[in-house]
Every structure is written in structure tokens, then in C-alpha cells.
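One letter stands for each residue in the lines below.
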Amino acid sequence: MSIKHSIVFCHGVWADGSCFNAVVPALQADGHEVMSVQYGLDTLADDVAAVKRTLERVNGPVILVGHSYGGATVTAAGVDNRVVGLVYIAAVTPDTGESVQSLLDQYPTEVFSHIQVADGRAWMLPGGVVHFAGDLSEDEQKVVWATHYPPAADLFEHEMGDDVAWKTKPSWFIVAKKDRTVHPDLERFLAKRMGATIVEVDSSHVPMVSQPDVVVDVIRSAVANLQTG
């Protein structure tokens, strides 16, 4: 009997765990235990701790899936022995001493000109949603903006510690070729640096919403590889 991996999702900023709702049912139908972490986007350390708490709630082995900033939480929490594989979606994946912001600064995009800092949080202005989710319908974009969850204003400045999971765990990386939030060339650089299996998709920053079948297929490929590897 083949092992049924658990799948744990880690969301990015301006989102919460519900951003994976379009991919969860197919994986559950495959027989996987699936959970989507809900963290506060206050500090990287707190968010990583939330991922580790969620790992306690599922059966191993686990595949961690991280979108955008969630790539940092996956990278730090993925050293846990229960984690056997990593899937990154349009993600930022720092090495030791790097921060999400230090990487984004190397490949700037326009989305951060549509952010307003207020009350210690980084809020997306309405004009920013087209850079974030430009391949969704106008109505869907309005929902994304209405429900977006702002991170602490300094969250991206938090540096990665010594725990860097992609150095020791097999990785898959979905590059969003039309991404206007995290530059596709940054995604390619990070994917190549970690030696990931790379899949490119014609999507905005949110392929798990706009092209969920592609994301499901990549996760299924990771499962198949880990079962036979």
C-alpha cells in the first residue's frame, strides 16, 4: 500500500489559508489529509511556530506547500523531520541571513507602490489588486481586495535563521510567468538555486486561484516522486 502524504498549505500576505480553497478538495479526494495554516502575519518566528503546530495535527509524512511569503515559512519549518517535500508557488525562499525584502529588492515590481502603511500594517490599495491577481475576473479581484489581510509593516524585513529546508529536502517550484507581485525572474533564480523541479505557468501571482488544476498536478507529481524516490 502506498503512503498517503499529508498536505499542509502556508499562505502569503494579503491572504489567509482560504486562498487554497480551490485546490484542497481535489487533494482530499485523492485521500490526503489536508490542512491550511492560519497565521497572523505579525512576525516570521510566530508564523513558523504556527506551521509547526499544524504539523502536530496531521499524520506524517508531510508535504509543505507555500505561496509567496509562505515560501519563507515553509523554508524555516520544513526542516522538521515529518516534512519530506516542499512545493513552492510563486514564492520567496530566503537563505540564511536573507529576508523576503532583501530578495524582492533585487527584482522590484510595481505592486509595492500600491501599498499604504497604517496602524503598523501594510494595506493593499484598491489599485494594487490588478498587480496581485490580474488574471482573475473583475468581480473576483474585488473579493480579493475586500478580504485581503495586511501583514505587519516590517514582516518582510525579518531574516531567515539557520534552518533552510530547501537545502536538504526535495523541492518543486511553480513559476508564475505573468506575476506582477514577485518578479518571475526572482522566482526562476530561487528555484534554480535550490535545485527544484520547475513548472512555469501563464498566471498572475495567484495560480492556486486562477489555475488550480496546475497546482494540483504539481503536488500530485511531488507525491508520486516521493512515493517512488
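Each chain carries its own residue numbering, running from 1 in the written order of its sequence. Thresholds applied to this predicted model are a pLDDT of at least 70 for local features of residues and 80 or more for the giving and counting of side-chain atom pairs; totals over whole chains, interfaces and linings are not thresholded and use all residues. Side-chain measures were taken over the full set of non-hydrogen atoms in the model, leaving aside hydrogen atoms and water.

Chemist: Describe the overall build of the protein chain, naming the residues involved and giving the relevant values.
Modeler: A run of H or I in DSSP counts as a helix once it spans at least four residues, and a run of E counts as a strand once it spans at least two, with each numbered from the N terminus. Looking only at helices and strands, the protein chain features 9 helices and 8 strands. Surface summary for the protein chain: the accessible area is close to 9,700 Å², and the carbon and sulfur share equals 50%. Positive charge is attributed to Lys and Arg, negative charge to Asp and Glu, and no charge count is given to His or to the chain ends. A charged residue contributes its charge at one atom only: NZ of Lys, CZ of Arg, CG of Asp or CD of Glu. Charged side chains in the protein chain number 16 positive and 29 negative. The centres of these two groups are separated by 5 Å. Calculation of accessible area relied on Shrake-Rupley with a 1.4 Å probe; when residues are assessed, cover is drawn exclusively from the protein chains displayed.

Chemist: Hey, could you go over the nonpolar core for me, with residue numbers and the actual values?
Modeler: The biggest cluster of nonpolar side chains holds 77 residues, and the ones touching the most others in it are I7, F9, L64, Y69, F173 and I219. The dominant element in this core, judged by the number of residues it contributes, is helix α9 (residues 212–228), at 7 residues. Any two residues whose heavy atoms approach within 4.5 Å at even a single point are treated as in contact. Leave out the neighbours within four places in its chain, and I219 touches I7, F9, L27, V65 and V87. What makes a nonpolar core is a set of buried Ala, Val, Leu, Ile, Met, Phe, Trp, Tyr and Cys residues whose side-chain atoms join them at distances within 4.5 Å. The buried label goes to any residue with under 20% of its type's maximum accessible area, the exposed label to any with over 50%, and the partly exposed label to all in between, with areas taken from a 1.4 Å probe on protein chains only.

Chemist: If you had to explain the side chain of S99 to someone new, which residues and values would you point to?
Modeler: Tracing the chain through its elements places S99 in the loop between β4 (83–89) and α4 (100–104). Owing to a relative accessible area of 5%, S99 belongs among the buried residues under this scheme. Pairs of N or O atoms within 3.5 Å make up the polar contacts considered here, provided that, within protein, one atom can donate a hydrogen while the other can accept it, and that residues adjacent in sequence are counted only when both atoms are side-chain atoms. Of note is the side chain of S99, whose polar atom sits 3.4 Å from the backbone oxygen of F156. Setting aside residues no more than four positions away along its own chain, S99 makes contact with P94, F156, E157, H158 and E159.

Chemist: Hey, could you go over the packing of helix α2 (residues 44–55) against helix α3 (residues 70–77) for me, with residue numbers and the actual values?
Modeler: For any two helices packed against each other, one specifies the inter-axial angle together with the distance between the axes. Taken N-terminus to C-terminus, the directions of α2 and α3 make an angle of 65 degrees; their axes are 9 Å apart at the nearest point. For α2 against α3, the interelement crossing comes out right-handed. Taking contact as the criterion, the partners of L44, D47, V48, V51, K52 and L55 in α2 are, on α3, A72, T73, A76 and A77. Side-chain classes follow a simple rule in which Ala, Val, Leu, Ile, Met, Phe, Trp, Tyr, Cys and Pro form the nonpolar group, Asp, Glu, Lys and Arg form the charged group, and the remainder, Gly included, forms the polar group. Classifying every residue of the contact of α2 with α3 by side-chain character gives 7 nonpolar, 1 polar and 2 charged. Between N-to-C directions, angles cover 0 to 180 degrees, with each direction set by a line fitted to C-alpha atoms, over the stretch in contact for helices. Helix crossings get a hand from a simple test, with the near helix turned counterclockwise from the far one by less than a right angle marking a left-handed crossing and a clockwise turn marking a right-handed one.

Chemist: Talk me through the environment of P207; I want residue IDs and the actual numbers.
Modeler: You can see P207 is positioned in helix α8 (residues 207–210). The class for P207 is buried, based on a relative accessible area of 1%. Along the primary structure P207 and T96 are separated by 111 residues, whereas in three dimensions their C-alpha atoms are 27 Å apart. Non-local contacts of P207, meaning those with residues more than four positions away in its chain, are made with I89, I174, V201, P212 and V215.

Chemist: Please give an account of the pattern of salt bridges that cites residues and values.
Modeler: When a carboxyl oxygen of Asp or Glu is within 4 Å of a side-chain nitrogen of Lys or Arg, the pair counts as a salt bridge. This model, assessed by the stated rule, comprises 11 salt bridges. E56 serves as the salt-bridge partner of R82, at 3.3 Å between the closest nitrogen and oxygen. Here the residue R82 occupies a position in the loop between α3 and β4, and E56 occupies one in the loop between α2 and β3 (62–67), the gap between them amounting to 26 residues. Classification of R82 by relative accessible area gives partly exposed; the value is 28%.

Chemist: An account of α2 is needed here, citing residue identities and associated values.
Modeler: Its 12 residues place the ends of α2 17 Å apart at the C-alpha level, agreeing with the 16 Å of an ideal helix rising 1.5 Å per residue. Within the sequence span of α2, burial applies to L44, D47, V48, A50, V51, T54 and L55. The buried residues of α2 all sit within an arc of 155 degrees when viewed along its axis, so they share a single face. The exposed set on the far side of α2, more than 90 degrees from its buried face, consists of A45 and R53. By this rule the span expected of a helix is its residue count minus one, scaled by 1.5 Å. The arc refers to the directions leading from the helix axis to the C-beta atoms.

Chemist: Give a description of the side chain of Q141 that names residues and reports values.
Modeler: Tracing the sequence through the fold places Q141 in helix α6 (residues 138–147). With relative accessibility at 13%, the residue Q141 sits in the buried group. The residues touching Q141, leaving out its near neighbours within four places in the chain, are V129, V130, A133, G134 and L136.

Chemist: Tell me about the pairing of strand β5 (residues 115–118), residues and numbers included.
Modeler: When DSSP locates at least two bridges between a pair of strands, those strands are taken to pair. Relative to strand β6 (residues 121–124), β5 runs antiparallel, the two being bridged by 4 bridges. When the bridges of β6 are listed, Q116 appears paired with W123. Linking β5 to β6, which pair antiparallel, is a turn of 2 residues; within it D119 sits at a positive phi near 55 degrees.

Chemist: Tell me about the state of the cysteines, and please be specific about residues and values.
Modeler: In what follows, a disulfide is any cysteine sulfur pair within 2.5 Å. Taken as a whole, this structure holds 0 disulfides when the rule is applied. Considering cysteine sulfurs only, C19 is the nearest to C10, which forms no disulfide, with 10 Å between them. Take C10: its relative accessible area is 0%, and that puts it in the buried class. Judged by its relative accessible area of 13%, C19 falls in the buried class.

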